[in-house]
Every structure is written in C-alpha cells, then in structure tokens.
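Secondary and tertiary structure notes
Chain residues, written in single-letter form:
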Amino acid sequence: MSGTDLLDGFDLAALPGASAREAASARLRAGGWPTRRDEAWHYTDLAAGLRGFALGPAPAVEVAAELPEGQRVVFVNGRFDAARSTAPDWVGRLGGAAADTARGGVVVALNTALAEDGVAITLAPGQQGGTLFLVTLAAGRGETMPAIAPRHRIALGAGATLTLIETARGEGSYLHAPVFEVELGEGARLNHYRLQDESGEAVHVATIFAEIAGGAGYESFTLNRGARLSRNETHARLTGPAADVHLNAAQLLNGTQHGDVTTVVRHDAPDCASRQTVKSVLAGAARGVFQGRIEVDRIAQKTDGYQMNQALLLSDEAEIDSKPELEIFADDVKCSHGATIGALDPEQLFYLRSRGVPAAEAKSILIRAFLDEALEPVTDEAARAVFEAAIGAWWREGA
Amino acid sequence: MPAVNETIETVDRISGGGYKFGFETNIEMEFAPKGLNEDIVRLISAKKGEPEWLLEWRLKAYRAWLSMEDPAWARIHHPRIDYQDLHYYAAPKKPAPKSLDEVDPELLAMYEKLGIPLNERAALAGIAVDAVFDSVSVATTFRDTLAKAGVIFCSISEAVREHPELVRKYLGSVVPAGDNYYAALNSAVFSDGSFVFVPKGVRCPMELSTYFRINARNTGQFERTLIVAEAGASVSYLEGCTAPMRDENQLHAAVVELVALDEATIKYSTVQNWYPGDAEGRGGIYNFVTKRGACRGRNSKISWTQVETGSAITWKYPSCILQGEGATGEFYSVAVTNNFQQADTGTKMIHLAPNTTSTIVSKGISAGRSNNTYRGLVRIMPRAMNARNFTQCDSLLIGDRCGAHTVPYIESRNRTAKVEHEATTSKIADDQLFYCRARGLSEEDAVGLLVNGFCRDVLKELPMEFAVEAQKLLAVSLEGSVG
C-alpha cells in the first residue's frame, strides 16, 4: 500500500475536527507505512504486514463477549457501547476529534486522522478510582479491513489512584491502532494492565504516551498473545523528581505471529527510577522483537534505570530480535540493561522429568517460571486472574 | 562535592597539556592534483605499476562509490566532506630505500620524537616494523627472519608486484569493493598498506607491527591491510599510530581484511592516538575505518583488540564473520573521548556455522563534551547450532557535559544458541575514589588507577609491548591534573 492511497477508503472531511485530521493524514500520506528502512521499525515491517489489505472505516457491529464484573467500559469497533458499560461518572468520552499531536510517527498520525471515540478518564486530586476494566472488542467481517483507532485519555490528579485493566479481543481481520495519552499528577499512581488477545488475523499497533510527574508512579504490564502482527510502543517520560515507572511485558507467540514490544523511557528529572522486564516465549515460526531505550537528560542526576529482556526460543524457526539502547547525558547515574536468549534448560527439564513430571507439564512449569519476573509487579488480583487465564489458554492451545 | 569538581577540572586540564605528539616534518611531497575522478584512480594505479585487473577493480569500486551516499546512521556530526578538495596520492619524492641507511634522516628523527626509534625498537623488542609514511612504505625490517619462516610481510604495493596471485585471491574477499561508502572510496584510491601471509602450519616468529602516519597536509590516507593465515597458522599484528598537530580535518578511510583458514589464529591489536582536535573541537582526524575478519576455517579464531584515544571522529566496527565450524570471534575495546571528540564504535559478530563462539567486551569512557557510542550487532543464523555469545558493554562518564550511548542489536534465529548481553553506565564511584584518597593517592592517581581498573579486561588482552603503551596513553589522558 503506497503512501498516497492509504486513506482512500475514508471520508475524513465528513468527520468533526477536520483541520487536525488533515494535518495528520498529510503526514501519513507523505511518509507511508513504516518499513524496515525506518530505524524505529527496523525489525517490524508494518508496510509488508498491511500490504494487500484495503483499509476502511470500522462498521458498527455486535460482538458477543463475556464481560468482567464491576466498573467497566466497553468499546466495540472503536465505539463506546453504553448498554454494556457500567462506567462511573469520572469516565467520559473523547469529544469529536483527537487533538493533533506532534508526538509519535505515522501510526499516531493515522490515529489522529481517524479517531472518533475513546475513553476519557479524569480523576480529581486524591480520588481513588479503584479498578476499571476497559474491554475493547472488534470484528472484521467484510471486504475491507476495518481501521479501529480510538484515542484514550487518562488524567490522574495529584495523589489519585487507578487500576486499569484492558483486554483487547476480536474476530476476523482488522487493524486496531489505539493511542493512550496518560498524564499523572504529583504522587498519582496508575496500574495499567493490558492483555492483547486479538484475533489471529488482526494487526494491533498500540501507542502509549505517559507523562509522569514528581513522586508519581506508572506501573504497567502488557501481555501480547494475539494478532498476526502486533506492536506495543510505550513512551514514558519522567518529568518530576522521584517518579518511577515499571514497563513490564511478556509475549507468547506461535505460528507465524510477529510481536513487537518497544519502549522509550525518558528521564527528564533527577532521582527517578525506571524498571523494565520483558520476556518473550516464541514457538513455531514466531518472531519476537524487543526495542527498549533509556534516555537520561543532563539534569536527570541520580537516575536509576534498569532493563532486562529475555527470550526463550522453543522451536527451530522462531526468531528474536532485540535492541536495548542506553542514551545517557548525566554522569551520576546507574543504568544497566541485560539481554539473554536461549532455549529451555535441558537440565531443568531433566530435573522435573526425573521427579515424574510429564514432559509437557515440565515445559509449562518452566515457562511459567520464566514469565514470573515480568508478572511480579502485577499485584491486583483481578488483573492477575486475567493474565493467568490467558497464559493457561496459550499453553492449552499448544505452544 | 569537591571530589567531583576536582575530577571535572582534571578532565578539563587533560587538554591543557596539549597533544604531545603534535609536530610536523617537512619532507618534499609529490602530489597528484586535488580531486577525485577516473583519471586520478588511473594515475594512482599507474604510479604503482599495477596490473590491469587491479585497475579494473579500483574503477569498479570508484563507480560504486559514485552511486552511494555517506552513511548517516552513526551518532557523529561533522561538516560535509568535500571529496574533491583532497589529494588522493602523496608520496615522499625519493625512491623507496633499500635499507635503514637510506631512510630520510628527518623521517627517522620524527620516529625518534614519537618514541618509536625504528631500528632500536625493532632490535630491542624483536618486532618487525613496516613503517608507513603517508603512502609509500619506506622501511621494512626483519624481513629475513620472516622470510626464513616463510611469512610474507610487505607493503601491499609490493605484494601486488611479488605475489599477485595471493592478492588477487584475497583482496576484497572479506570487504567487497562496494561494501560501504568509505570502503568503496578506499578500494578506488587505496595508497598503500600492509600485506601479511602466514603459510600453512607456520606460527609467525615475531609480532608484526605497522605504524601508520598521516603527514601531508590535505592528504586523505587510504590504507589497505590484508592478512591471511593459512590452515594452522597464527599471527599477531600490532597497529599503532600518532599524528602531527594541524588545524584542518583529515580524512582517514582505511580497510583491513583478515582471513583465517582451518585452525588459524589472527590477533589484531590497535592503539589509535591520532590528533583529536584541540580543546574547542577544531581540527582532528576523521577516522572512518572498515575492519572485518572472516573465520573461514574450522576452529579458526580472530581477535580484535583496540584502544581508541585519538581522532576527532571515530567510525569503526571491527567485525568477525564466523563461517567455519567452531570458529571464535573476539572484540575487546577501550574508547576514550574527551573535549569534542566523537566515537561511534563497536563490532559485528555474525554466527553462520555451528559451535561458533564470540565475546565482546567494550569499555567506553567519556569526558569533556564528547560523545561515545557503542554500536554492535550479534546475529545468530539458523545453521549456527550451539552458538554462544557473551557481550559486556560498560560506560564511564566523567563530567556532566558528555554523553555515553549503547546501541546493541541482538538477533537470534537458532533455538540452541545462547546469547547474553549486559551493559552498564555509571560514573567513577565516590566510595572507590574515597578509598584511594584515604590511602594517600592524589586525586589524579586515584582516577588513573580506577580508569585503568575499569579497562583492565581489555588491556590484559593486548600484547605486552602494547599494554604498556596503552596504559601510558590512558595516563597521558589524565596528565595535568596534579596540583
């Protein structure tokens, strides 16, 4: 798909906020989908992944799903489903159009051009939001590939707290390209848990921008197990002193799936800490990608940055590509990263087998143990249950 | 914190000492006109009396170069280089001398000043020195001893004349003529360089050494080095350089190719101390080098060790292609940048065959307003069963105006391969500094000691003569901090 006809299937002029959409779509048309020639997309060829698919607007459809108990917001093909949502009053919706943002690349430009809906969460200073589920459902049943591009906004006032559990599921072929804009006031805490369990034919490209003020904490864990092609790109910026961020993720991929976890943590204030643990388990001919960059500004003294990324290759055709970067301009810092790639340890397998554990179970025990470090910060019970179920299902479906 | 301030001052003062090896020697030069075109390539080839195939090879490289863009992906910044404003051929006017007696006394005096008295050093240290003065080799020693062992060690121009079949077989076989922008440029206009051939089963009886010199103003230098170790052979090669002080930026685009056959070992060590520019970032050498080794044979081994302290800009990625089963690649590097220096350096380890192993140890030290980047690639291909890589990249920051960056690419396509990578960035620890100071070491000595300790894993890989020189170099970098 060339840059010029990317948006041919859309009537942007008919949507509100035409000027922002125009500007963004001009950028998208000029750049086209990223290819491996774009350094930020060196290991994920989105252009190739979308080649041969005609994008079109996402139609209003009904998608059946089992919904979680409690506070929840349901989106179907990018539209708010009021009937099935049980949203508290601090949850609103994107009004009309998303503001144009200079941040991000063409995927964000696509989102700006197409965004019509999205959740807008605003917590007042000190407000305790409890746990909120964000259920996104999608379906691609027609000739064109629906482009679903919600713009979500989460703003927590000083000292406010929220646990957001997002699950993305669907059927058929579609493109889900959500953008999250997270803003945390001083001392606020957001636990952001995301399960990407899209349809096996879908393409999922999520972008998360998080601005974290002094003393605030952004705790995130993402599990990638669905979609034929997926990318989760997080840009976390620590803007005030003593803030902290956890960007953990795990990927469980099989068949010919391609999964990409990309993070950029920017330390723009002193005394902040960032922690990242990303684990990939790759079976079949799956390909996993991890790109992580820690940037430390000159003023961000006493930064403590840590990044660990590990991959297990379970088959002969699986592939992992990893690019952990450090970009450091302050001297009084402690930054490190580590990466390991390997197979399941035969000695550990032997240990379990010799104690009577069947081979398949032994493998699953070891893989579960491998993932544990990434899952560790997920303390919320509801979130844990979601992830444990997804990991169990992946295993049962035959890793 | 006074300790920190003192350290910063120390580093500021490093430049105050000035560049120790900055002076110029006046030897009459014979220049080709400025600029680059096919005629210049033909002229270089003709001046060297090269055979037709080599001229064709150069022209092919030149045409490839014309169609290429200079790479923009490295973290380096410099004004656009006007390739038409350079001389591509410069040689001392006198014909090449047959013995040391014939060597220009002024040249010998220059080596004296650098602390490398050719004859003495060669005699004392037992090292054969193929000294490259600009473009033409002017002195080669210990040829007899090497000849007895069957080792060929000569300038590449001489090798083209005396051993054309060997040169033709291996030249460009590791770094093809059109490999990258600077390699293509080098292939088109390479002036001279060293050629080493160690035949089957021979252990080279001495460490081979070449001192590269850049001397003529406005003369880009395009060295070409080719080292071949046949089955079971082994050789250790030392490369070191210093350059006179000058204001204009100088381009240096060398190519080094190594070929190791079955069970062969090549150890290539570099101490690079070219003029880094002054404290304001004026002048200095642009060092854009392509170094690559092919481990073609079973259990062959190529080991790169480098200590990079000089040059305004370093763009250099000594790499290993592990083609033979059980082959080993190693990369040990210390890169020091100060003032406005920029270094973007690292390695590539390409694992193609089963049971191949590679080790990368990189130590970067940034001070002043410099930027120091490690950029590396480890790639495990599907056939590389049980391949193994270990990578360690550490960066040390001295002062808060510099930058340290790590950009590793790690790609594995084999389940049985094991890859480990770790990287750290920190400053000199206050407690370590305090420990040394409490035991009566001056601030400068303490920093020197800690920096040497930080680099130890790399320095210990250097041959003894070089290890001493390298430690001295690091010490020179810390010079001027007393009082």
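Here, every reference points to the structure presented above.
Quick caveat: nothing in here was measured; it's all calculated off a predicted structure.

All right, on to the overall build of chain A then. Along the backbone of chain A there are six helices and 22 strands. Over its C-alpha trace chain A gives a radius of gyration of 21 Å, about what one expects of a compact globule, namely 21 Å for 399 residues. Principal-axis analysis of the C-alpha atoms places the extent of chain A at approximately 65 × 50 × 45 Å. Buried residues in chain A amount to 60% of all 399 residues. Taking the intrachain contacts of chain A between residues at least 6 apart in sequence as the baseline, contacts between residues at least 24 apart amount to 83%. Within the structure as shown, chain A displays about 14,400 Å² of accessible surface, and the carbon and sulfur contribution to it stands at 52%.

What follows concerns the interface of chain A and chain B. Facing the 35 residues of chain A at the interface are 31 residues of chain B. Overall, the association of chain A and chain B removes approximately 2,700 Å² of surface from exposure, summing both partners, and the carbon and sulfur fraction of that is 48%. It is A:Arg298, A:Asp331 and A:Ile341 in chain A that bury the most area against chain B; as a group they hold 21% of the surface buried on that side. Joining chain A to chain B, the criterion identifies four salt bridges. Note that B:Lys427 and A:Asp332 form a salt bridge whose closest N and O atoms lie 3.8 Å from each other. Every element with two or more residues in the side of chain A that touches chain B is listed here: β21 (319-328) and β22 (334-342) of chain A. Among the elements that make up the side of chain A that touches chain B, the one with the highest residue count is β21(A) (ten residues). When the residues that make up the side of chain A that touches chain B are grouped by side-chain class, the tally is 15 nonpolar, nine polar and eleven charged. As defined by bridge partners, β22(A) adjoins strand β24 (residues 418-427) of chain B across seven bridges and the pair is classed as antiparallel. Residue pairing for β24(B): A:Ser336 is matched across the bridge by B:Thr424.

A few words now on the side chain of B:Ser358. Residues and elements named next belong to chain B. Relative to the helices and strands, Ser358 is located in strand β20 (residues 357-367). For Ser358, a relative accessible area of 2% corresponds to the buried category. A polar contact of 2.9 Å, which involves the side chain of Ser358, links it to the side chain of Asn389. With near-sequence residues (within four places) excluded, Ser358 lies in contact with Leu322, Gly329, Met349, His351, Arg388, Asn389 and Phe390.

Conventions we followed
- Residues numbered from 1 in each chain as written.
- Chains lettered and ligands numbered in written order.
- Predicted model: local features only at pLDDT ≥ 70, side-chain atom pairs only at ≥ 80, totals over all residues.
- Heavy atoms only, no water.
- Helix = DSSP H or I, 4+ residues; strand = E, 2+ residues; numbered from the N terminus.
- Rg over C-alpha atoms; globule rule 2.2 N^0.38 Å.
- Buried < 20%, exposed > 50% of the residue type's maximum accessible area, 1.4 Å probe, protein only.
- Contact = heavy atoms within 4.5 Å.
- Areas by Shrake-Rupley, 256 points an atom, 1.4 Å probe, with all protein chains shown as cover.
- Buried area = accessible area lost by both parts, 1.4 Å probe.
- Salt bridge = Lys/Arg side-chain N within 4 Å of Asp/Glu carboxyl O.
- Nonpolar A, V, L, I, M, F, W, Y, C, P; charged D, E, K, R; others polar.
- Pairing = 2+ DSSP bridges.
- Polar contact = N/O pair within 3.5 Å; in protein donor to acceptor, adjacent residues only side chain to side chain.

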